[in-house]
Amino acid sequence: MKNCFEIKKMYLHYGEFLALKDINMDIKKGKVTAFIGPSGCGKSTFIKSLNRMNDLIEDCKIKGKILFDGKNIYKDYDVNVLRKKVGMVFQKPNPFPMSIYDNITFGPKTHGIKKKSKLDEIVESSLRDAALWEDLKDRLDRSALGLSGGQQQRLCIARTLAVNPEVILMDEPTSALDPISTLKIEELILRLKKEYTIVIVTHNMQQAARISDQTAFFLLGEVIEFDETKKIFSTPKNKKTQDYINGRFG
């Protein structure tokens, strides 16, 4: 199984504060990798570094290597090219205040696609992939802000798919959603992994157990354990992992 990301001896500082310490990890292509751990342990900080979202934060310094498809994301990639290949879905649905159609075509237009027939095709295929086409095909000119929370989050996933990424990063994508919408997003993730590599931060351990192939347990800025999800949840090697999974802290 080919690696999508290889992270070697990575350290991340916010000013004087050491947020991530000596992270070493291989994230496999075509798999769902989950990051679990208590709040403030570095999960979101780490996932945002995979497409250089942390570049936007002042005083953020990163040492070590993050390789994507074998190339260093800080030296060998233009940040816009990287973010096209490595899309991001955030905790809170964040549709743009424009029509459903314009939300989906925003990225492709930015990357130079102007032909209406091509844009129509992208809108349909992205919404189909996000399991929204049947619900929205007659409402494409309406504001995306009128959708329910669960639909908005799936629209944000469709918007990410519209630029044809290789990887989808998801930072707690269901934490603001009700159980039914959460289930729909989980089903969607399991379908999408046939075509994309998915990395998800979740505070919900049952979710990690249900949908991921690999799980990393973070604590105080370190990866305590990283293994196949089945092993992490059934026979963790580290007592701290076991204590967290059994609800003794966090």
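Use the structure listed above.
Here is what the cut-offs are and how they apply
Residues numbered from 1 in each chain as written. Predicted model: local features only at pLDDT ≥ 70, side-chain atom pairs only at ≥ 80, totals over all residues. Heavy atoms only, no water. Helix = DSSP H or I, 4+ residues; strand = E, 2+ residues; numbered from the N terminus. Buried < 20%, exposed > 50% of the residue type's maximum accessible area, 1.4 Å probe, protein only. Lys, Arg positive; Asp, Glu negative; His and termini not counted. Salt bridge = Lys/Arg side-chain N within 4 Å of Asp/Glu carboxyl O. Contact = heavy atoms within 4.5 Å. Phe/Tyr/Trp six-rings, centres within 6.5 Å; stacked < 30°, edge-to-face > 60°. Expected span 1.5 Å × (residues − 1). Arc of directions from axis to C-beta.

### A few points about the side chain of Arg 159
Inference 1: Note on placement: Arg 159 falls in helix H6 (residues 149–161).
Inference 2: Asp 102 is the oppositely charged side chain nearest to the buried, salt-bridge-free Arg 159, at an N-O distance of 12 Å.
Inference 3: If sequence neighbours within four positions are ignored, Arg 159 has contacts with Asn 94, Pro 95, Phe 96, Asn 103 and Ile 104.

### Describing the packing of aromatic side chains
Geometrically, a pair of aromatic rings is defined through the distance of the ring centres and the angle of the planes.
Inference 1: A full pass over the atoms with the stated rule returns 7 aromatic pairs.
Inference 2: On the basis of an interplanar angle of 35° and a centroid distance of 5.0 Å, the ring pair of Phe 5 and Phe 68 is categorised as tilted. Taken together, the residues Phe 5 in strand E1 (residues 3–14) and Phe 68 in strand E4 (residues 60–68) connect sequence positions 63 residues apart. Across the pair, exposure class does not vary: Phe 5 and Phe 68 are buried alike.

### Remarks on helix H4 (residues 116–129)
Inference 1: Between the first and last C-alpha of H4 there are 20 Å, a value that for 14 residues agrees with the 20 Å anticipated at 1.5 Å per step.
Inference 2: Residues of H4 that are buried: Leu 119, Ile 122, Val 123, Ser 126 and Leu 127. Along H4, the residues classed as buried sweep out an arc of 120° about the axis, all on the same side.
Inference 3: Residues of H4 that are buried sit in contact with helix H3 (100–110), helix H5 (133–136) and H6.
Inference 4: Phi turns positive one or two residues past the end of H4, at Ala 131, with a value near 55°.

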